[in-house]
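Inside the fold
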Amino acid sequence: MLLTKVNDKIIKIEFRYMPHLVEAVKQITGRRFDGNNKCWTAPVTSLKEVEAFGRRYGFRWTDVSQPKEVVGEIPPMPELTTSIDLAMTPFPYQAQGIAYALQHKKCIVGDQPGLGKTGQAIATIVGAKSFPCLIICPASLKINWQREVSMWTGGKHKAVILSDGNKRTFHQFFRAGLADFCIVNYESLKKYFVESMNIPEGKRLRLDHIKFKEEIVKSFKSVIIDESHRCKNGAAQQTKFCMGICQDKEYALLLTGTPVVNRPKDLIPQLHIMNMLPRFGGYKFFVDRYCGGVRQASNLAELNYKLRTTCFYQREKKDVLKDLPEKSRQTVICDISNRKEYNSAENDLIEYLRKYRDADDEKIAKAMRGQAMVMINILRQVSARGKVESVKEFLNDLLESGEKIILFVSLHEVVNELKKIYPKAVTITGMDSKESRQAAVDKFQKDPDTKIVICSIKAAGVGLTLTASSRVAFVEFPWTYADCCQCEDRAHRIGQKDNVSCYYFLGQNTIDEKVYDIIQTKKDIANKATGVTENIQENVVDMVANLFSNRL
């Protein structure tokens, strides 16, 4: 909501339509509505009335004499010229991102989801040897970060996840050379890094109200903040904690595909975290310069130029397709919420498999295989139910970037739970009629506001085209590699112009992890293309028995 003195005669009054403001502005002498510019104006002779109106409703004065936008040519991304000891070779565009981060040290890695921001951040810290490094991320991604560190560094650099078990000793791991990365979720920052908070009564939280555990905070040379758009609210506790922890750090890398969720003001806390706000003129200048107008967004070309030449880079899939494979897969490890139920079901299965192993009569063994398959599927279903909360956290971050996604499930209970969380999602399941399935396909393909389609593996695994999304996720997944590919190919087919990113949600320390590894490494196991159903059942039961052989 802005007031602007245009010249010696006219004052411009800008605001989004709100009935009470319209009624109030009509009380100003000489006011009129400018239909061309969609704003109100008032004569300078009514200045006192305009000022009173502005004070009452929280309007801000802007200076119309601000200089024009300063926009130059954005330089190309730098090339990586130094050798970094990594176990994986970055794609060419990733190498350029690493070079940018090494050059600027504090920056927002803004690549689209699926382009490997995690690997770029890890490689940057390894290349800079800026250890120890603190990784702040959503709770559902802690295990994945630990695995990514191991994968990218070949196990040469260890990552420890903060927990109650190492709360008092984790900072000693670095001195002893036991770890170079430390991983913590946003919600635990206070527990591990804040000594006390002293907020005066009636005051908003400020950074100087927080006393950090100074020795621990200062022990880190670098910080990586994943999904940094979560810090867009500068008044939130988690944002303040990130600001305090990142002060005086050599490297501060913020990872997000959506650094601006609603308006440029979302950038201010993220720039503050990196101590980059002074490079943009400070808080007041940033707000006046880049947050003006009814949409609270102004001089955007200049802002983009300043960001990209100072502390930000971003590539979309279409920009780097030449470097990407047609299809890529990524596992998302979830800490299931129903561990007690899962352990009970697993113990029941193991006890039954002992009897199956001991059966010396082939007819009895064959009959037992059927019951074992039932129990195995029950175990996988228990894991699926326990993954829903982690799936929700992952989807919320993805949806903020405006992306669409295809979700594959088997269990109707999981479909219903997801539908409760995302009521605008469409479904393609065995419970839906042919007509409603086709309507769901059409809506997902054509309606930009329909972001999620929840698909049954059996009902939607073949025959459908869902190319409106290049992202496929499995809350549950089939038993065979061929069936996984069939589901993935709902997006990976004619009409798809992007690399297809496939996410597999696996319950941590569950049968999911073991079955996924076997399916991906032994792709010919129980291939349904042979049509030998009985052989599939034998293979699956024996395979699972082998997985638990140390407990049988």
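A few points on the structure. All values derive from a computational prediction rather than experimental measurement.

1. Structural notes on the overall build of the chain
When its secondary structure is counted, the chain shows 22 helices and 20 strands. Overall size of the chain, expressed as C-alpha extent along the three principal axes, is 100 × 65 × 50 Å. Counting across all 552 residues of the chain, residues that qualify as buried make up 50%. Surface summary for the chain: the accessible area is close to 26800 Å², and the carbon and sulfur share equals 49%. For the chain, the centre of its 82 positive side-chain charges and the centre of its 65 negative side-chain charges are spaced 5 Å apart.

2. Things to note about the layout of surface pockets
In this structure, the largest pocket spans a volume of roughly 1100 Å³. Lining the largest pocket we find 44 residues, and of these Gly 114, Gly 116, Thr 118, Glu 148 and Gln 330 sit closest to its centre. Those elements that provide at least two residues to the lining of the largest pocket are α3 (92-104), α4 (117-128), α5 (142-153), β15 (327-334), α16 (388-399) and β20 (500-507). At 6 residues, the largest contribution of residues to the lining of the largest pocket is made by α5.

3. Points about the sheet that holds strand β17 (residues 426-428)
Strand order in the open sheet formed by 6 strands is β15-β20-β19-β16-β18-β17, with parallel pairing between adjacent strands. Looking along the sheet, the strands with just one partner apiece sit at the ends: β15 and β17. Within the sheet, the average angular offset between the axes of one strand and its neighbour, ignoring direction, is 20°. Looking at chain direction, strand β19 (residues 471-474) and β20 are connected through 4 bridges and run parallel. Looking across to β20, one finds that Ala 473 is bridged to Tyr 503. Docked against the sheet, α16 engages β15, β16 (405-409), β18 (452-456), β19 and β20, running at close to 165° with respect to β16. Of the strands in this sheet, β16, β17 and β18 are in contact with helix α18 (residues 434-446), which crosses β17 at around 130°.

4. Quick look at unusual backbone geometry
Put simply, Phe 131 and Pro 132 share a cis peptide bond, and its omega is -5°. Among the secondary structure elements, Pro 132 is positioned in the loop between α4 and β7 (133-137). Its identity as a non-glycine residue notwithstanding, Lys 105 has a phi of 70°, on the positive side. Along the polypeptide, Lys 105 turns up in the loop between α3 and β6 (106-109). Using a relative accessible area of 35% as the deciding quantity, one classes Lys 105 as partly exposed. The phi angle at Lys 129 is positive, at roughly 55°, despite the residue not being glycine. Residue position: Lys 129 is located in the loop between α4 and β7. Given the relative accessible area of 63%, Lys 129 is considered exposed.

5. Describing the pattern of salt bridges
Considering all chains together, one arrives at 22 salt bridges under this definition. Between Arg 147 and Glu 513 there is a salt bridge, with its nearest N and O atoms 2.4 Å apart. Note that Arg 147 is positioned in helix α5 and Glu 513 in helix α21 (residues 511-521), a separation of 366 residues in sequence. Between Lys 218 and Glu 214 there is a salt bridge, and its shortest N-O distance comes to 3.0 Å. With Lys 218 and Glu 214 both in helix α8 (residues 214-218) and 4 residues apart, this pair spans about one turn of that helix. The network of salt bridges with shared partners includes Lys 327, Arg 329, Glu 488 and Asp 489.

6. Describing the side chain of Asp 512
The topology assignment puts Asp 512 in helix α21. Non-local contacts of Asp 512, meaning those with residues more than four positions away in its chain, are made with Arg 380, Ser 383, Lys 387, Phe 477, Phe 505, Leu 506 and Gly 507.

7. Notes on the packing of α4 against α5
For any two helices packed against each other, one specifies the inter-axial angle together with the distance between the axes. The N-to-C vectors of α4 and α5 enclose an angle of 60°; their axes lie 10 Å apart at closest approach. Overall, the two elements α4 and α5 adopt an arrangement that is oblique. In this structure, the crossing between α4 and α5 has a hand that is right-handed. Along its contact with α4, which presents Thr 118, Gly 119, Ala 121, Ile 122 and Val 126, the element α5 presents Trp 145, Glu 148, Val 149, Trp 152 and Thr 153. Looking at the contact of α4 with α5 residue by residue, the classes come out as 6 nonpolar, 3 polar and 1 charged.

8. Details of the sheet that holds strand β14 (residues 312-313)
Judged by pairing direction, the sheet is parallel, and its 7 strands sit side by side in the order β8-β9-β7-β12-β13-β6-β14 without closing on themselves. Two strands in the sheet have a free side with no partner beyond their single neighbour: β8 (159-161) and β14. By the bridge criterion, 4 bridges tie β6 to strand β13 (residues 251-255) in an arrangement that is parallel. Residue pairing for β13: Lys 106 is matched across the bridge by Ala 252. Here helix α9 (residues 237-246) sits on the sheet and contacts β7 and β12 (222-226); the angle it forms with β12, its principal contact strand, is near 155°.

9. What about helix α2 (residues 47-57)?
Of the residues making up α2, those classed as buried are Val 50, Phe 53, Gly 54 and Tyr 57. Looking down the long axis of α2, one finds its buried residues gathered within 100° of arc, a one-sided arrangement. Opposite the buried face of α2, at more than 90 degrees from it, the exposed residues are Lys 48, Arg 55 and Arg 56. Those residues of α2 hidden inside the fold are in contact with β1 (2-5), β2 (10-14), α1 (19-25), β4 (39-43) and β5 (60-62). Just beyond α2, the residue with positive phi is Gly 58, at close to 75°.

10. Examining the packing of aromatic side chains
Tallying each qualifying case throughout the model produces 18 aromatic pairs. Look at Phe 53 and Tyr 57: their rings are 5.3 Å apart centre to centre, the planes differ by 55°, and that puts the pair in the tilted class. A residue pair is termed a helical-turn pair when its members lie 3 or 4 positions apart in one helix, as Phe 53 and Tyr 57 do in helix α2 at 4 residues. Tyr 57 matches Phe 53 in its accessibility class, with the two residues each being buried. Ring centres 6.0 Å apart and planes at 10° place the aromatic pair Phe 91 and Tyr 93 in the stacked group.

11. Quick word on the packing of α16 against helix α17 (residues 412-421)
Viewed as axis vectors pointing N to C, α16 and α17 meet at an angle of 40°, and their least axial separation amounts to 11 Å. Classified by the angle their axes make, α16 and α17 are oblique. Considering the relative orientation of α16 and α17, their crossing is right-handed. Contacts from Val 388, Val 391 and Lys 392 of α16 reach α17 at Val 414, Glu 417, Leu 418 and Ile 421. When grouped by side-chain class, the residues that make up the contact of α16 with α17 number 5 nonpolar, no polar and 2 charged.

Thresholds applied
- Residues numbered from 1 in each chain as written.
- Predicted model: local features only at pLDDT ≥ 70, side-chain atom pairs only at ≥ 80, totals over all residues.
- Heavy atoms only, no water.
- Helix = DSSP H or I, 4+ residues; strand = E, 2+ residues; numbered from the N terminus.
- Buried < 20%, exposed > 50% of the residue type's maximum accessible area, 1.4 Å probe, protein only.
- Areas by Shrake-Rupley, 256 points an atom, 1.4 Å probe, with all protein chains shown as cover.
- Lys, Arg positive; Asp, Glu negative; His and termini not counted.
- Charge placed at Lys NZ, Arg CZ, Asp CG, Glu CD.
- 1 Å grid on protein atoms, 1.4 Å probe; cavity = no way out; pocket = protein on both sides within 12 Å on 5 of 7 lines; lining within 4 Å.
- Points joined across faces, edges and corners; volume = space filled by probe spheres on them.
- Pairing = 2+ DSSP bridges.
- Axes fitted to C-alpha atoms, helices over the stretch in contact; angles between N-to-C directions.
- Contact = heavy atoms within 4.5 Å.
- Salt bridge = Lys/Arg side-chain N within 4 Å of Asp/Glu carboxyl O.
- Parallel < 35°, antiparallel > 145°, perpendicular 65-115°, else oblique.
- Left-handed = near helix turned anticlockwise from the far one by under 90°.
- Nonpolar A, V, L, I, M, F, W, Y, C, P; charged D, E, K, R; others polar.
- Arc of directions from axis to C-beta.
- Phe/Tyr/Trp six-rings, centres within 6.5 Å; stacked < 30°, edge-to-face > 60°.

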